[in-house]
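Each chain, written out:
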Amino acid sequence: MPTTPLTQQSFQTVVSTNHIVLVDFWATWCGWCTRFAPVFEESSELHRDIVHATVEAEAEPALAAAGQVDRYPWLMAFREGTLVYSKAGFLPGDQLEELVQQVRWMDIDEFRRENNIPRPTAAAPSAPAPATAGRAGPAPGPQAYGWPGLRTA
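Everything numeric in this text was worked out from a predicted model, so none of it was measured.

Caption draft 1: Highlighting the pattern of salt bridges. Counting across every chain of the model gives 8 salt bridges. Taking the shortest distance from any N to any O, the salt bridge between Arg-79 and Glu-80 comes out at 3.8 Å. When its relative accessible area of 7% is taken as the criterion, Glu-80 is described as buried. Through salt bridges with shared partners, one network takes in Arg-79, Glu-80, Asp-109, Arg-112 and Arg-119.

Caption draft 2: Spotlight on the packing of aromatic side chains. The tally for this structure, following the rule as stated, stands at 5 aromatic pairs. The interplanar angle of 50° and the centroid separation of 5.4 Å between the aromatic rings of Trp-32 and Phe-90 together place this pair among those described as tilted. Linking Trp-32 in helix H2 (residues 31–46) with Phe-90 in the loop between strand S5 (82–88) and helix H4 (93–105), this pair joins segments that are 58 residues apart in sequence. Taking the centre distance of 5.6 Å and the plane angle of 40° together, the rings of Phe-36 and Phe-40 count as tilted. Of the two residues, Phe-36 and Phe-40 both sit in helix H2, 4 residues apart, roughly one turn of that helix.

Caption draft 3: Here's a closer look at H4. The terminal C-alpha atoms of H4 lie 18 Å apart, and with 13 residues this matches the ideal 18 Å at 1.5 Å per residue to within 8%. Within H4 the residues assigned to the buried category are Leu-96, Glu-97, Leu-99, Val-100, Gln-101, Val-103, Arg-104 and Trp-105. Check the buried side of H4 and you find it contacts strand S2 (20–26), H2, strand S4 (74–79) and S5.

What counts as what
Residues numbered from 1 in each chain as written. Predicted model: local features only at pLDDT ≥ 70, side-chain atom pairs only at ≥ 80, totals over all residues. Heavy atoms only, no water. Salt bridge = Lys/Arg side-chain N within 4 Å of Asp/Glu carboxyl O. Buried < 20%, exposed > 50% of the residue type's maximum accessible area, 1.4 Å probe, protein only. Phe/Tyr/Trp six-rings, centres within 6.5 Å; stacked < 30°, edge-to-face > 60°. Helix = DSSP H or I, 4+ residues; strand = E, 2+ residues; numbered from the N terminus. Expected span 1.5 Å × (residues − 1). Contact = heavy atoms within 4.5 Å.

Written as structure tokens, this is what we have:
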């Protein structure tokens, strides 16, 4: 699945209505961003069940400011509408894959309890909740291994 460009108008809807969303904040002048783009694109092809979105920070300064993004590339990961990862820096493919698997296998309910985060509400009342919402364990889609750090393939 190709990456999805996000705007201030589409950001919250995409994050709240998809099970896992990775967001790459980038800038046109950023050399590391151009190096990370093919790594991110490859991940989007491998994990078609995960939304891989991009935000051009110069075109969407309000989104960058809201996310406290001040360096590029900056990657955010959302699981069931909850921000679970937010960090600047280039990730090689193997580290991005490790992050994907950690987000896929995390216990989101425990994460919310530990961080005192309420369960997010859907963007629209008619938006269906993901089939696995509220369930601990793996998110749907292909898993490279059964538990982060334990390789079976």
